[in-house]
Amino acid sequence: MDLIENIVHFFKKPKEETEDTSPEGTCPVCWGYQEYDHKIRQLFKDKQIDVNNHQYNYMKIQKFMVKYIDGIRLKQGDIKECPTCGGKSNLHYTPIEEQPQSKTESIHIKYMKQCIALAKTAMANENFPVGALVVQNNRVIGKASEAGKSSNDVTKHAEIEAIKDALKNTGSEKLEDCDLYTTHEPCIMCSYVIRHYRLRTVIYGTEGDQGGITSDLKVMLTTNFLAWGKPPIIIGNILEQECKELSNDYFKLN
């Protein structure tokens, strides 16, 4: 069964059978937190029995899970700790380094190769070689090359420009169902923009010393600002060597 089916099956059980447990594929700590005030059961208490037989009810459950249950994202196996509980429970995921080559990884590689091409364009224009994409439902809706040096505008980082492109192309105010790909770990400035627009996942090639993930200023990971929502899923080191070589080539020329 997939995760939604597991949750539907969980809802069909009597409450006394599900207390102090969580559906397969979710984080027990986060599930317990979300069920603390019985949000789920109050919202769906009349829908539990026939939810699998009615498409509208099924989609309503699915949308609720995506919006409110942090643990749902752990099943993807693309992060190493729960964004809510910090991995303090027995999480249901397989670390990415232990996974076989999968369709998901192939997709990441495909989009990272496009980012590398954009980074090469940036370097051809004497900018630091960063390329970025915003992807929604397996479709590129925003893309950009670094342009800070050539434009004499420090804010024109590839990630920020790709996000602006996506906002323009979609007319959206937020990008909660979108993923950002970039050759380099987003800097602190870019991390602020990513959090503001609430991107779902950040996939990067190589780390940097001014990054919003691995530096001391972990803007990408903080939970101190409620307006930003929960941190994005972070997937690092996709085509890491190729992305590092871009940096090395740039520094050889500058």
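Scroll up to find the structure this text is about.
Residues numbered from 1 in each chain as written. Predicted model: local features only at pLDDT ≥ 70, side-chain atom pairs only at ≥ 80, totals over all residues. Heavy atoms only, no water.

Enquirer: Got a minute to help me understand the nonpolar core in this structure?
Expert: Within soluble globular proteins, side chains that are nonpolar generally end up buried alongside one another. Ranked by internal contacts, the top residues of the largest apolar core, which has 24 residues, are Val134, Ile163, Leu175, Leu180, Ile194 and Leu199. When residues of this core are assigned to their parent elements, the largest contribution, 6 residues, is made by helix 8 (residues 158–170). Apart from residues lying up to four places away in sequence, Leu199 is in contact with Val134, Ile163, Leu175, Cys178, Asp179, Leu180, Ile194 and Pro232. Grouped together as the second largest cluster of nonpolar side chains are 16 residues, Met112, Ile235, Ile238 and Cys243 included. (Core = buried A, V, L, I, M, F, W, Y, C linked by side-chain atoms within 4.5 Å. Buried < 20%, exposed > 50% of the residue type's maximum accessible area, 1.4 Å probe, protein only. Helix = DSSP H or I, 4+ residues; strand = E, 2+ residues; numbered from the N terminus. Contact = heavy atoms within 4.5 Å.)

Enquirer: Teacher, can you tell me more about the packing of aromatic side chains here?
Expert: Where two aromatic rings form a pair, the distance of their centres and the angle of their planes describe that pair. Under the defined criterion, the tally for this structure stands at 6 aromatic pairs. Note on Phe225 and Trp228: the rings are 4.9 Å apart at their centroids and 50 degrees apart in plane angle, and the pair reads as tilted. Its relative accessible area of 47% is what places Phe225 among the partly exposed residues. Given a relative accessible area of 10%, Trp228 falls into the buried group. With 5.6 Å between their ring centres and 75 degrees between their planes, Tyr250 and Phe251 make a pair best called edge-to-face. Taking the relative accessible area as the measure of exposure, Tyr250 reaches 10% and is therefore buried. Members of the aromatic cluster, joined through ring pairs, are Phe128, Tyr250 and Phe251. (Phe/Tyr/Trp six-rings, centres within 6.5 Å; stacked < 30°, edge-to-face > 60°.)

Enquirer: Is there a simple way to think about the pairing of strand 2 (residues 139–145) in this case?
Expert: Where a strand is regular, its side chains alternate between the two sheet faces. Examined bridge by bridge, strand 1 (residues 131–136) and strand 2 share 6 bridges and lie antiparallel to one another. Within strand 2, the position partnered with Gly131 by the bridge is Ser145. Connecting strand 1 to the antiparallel partner strand 2 that follows it, the hairpin turn spans 2 residues, and Asn137 within it adopts a positive phi of roughly 50 degrees. (Pairing = 2+ DSSP bridges.)

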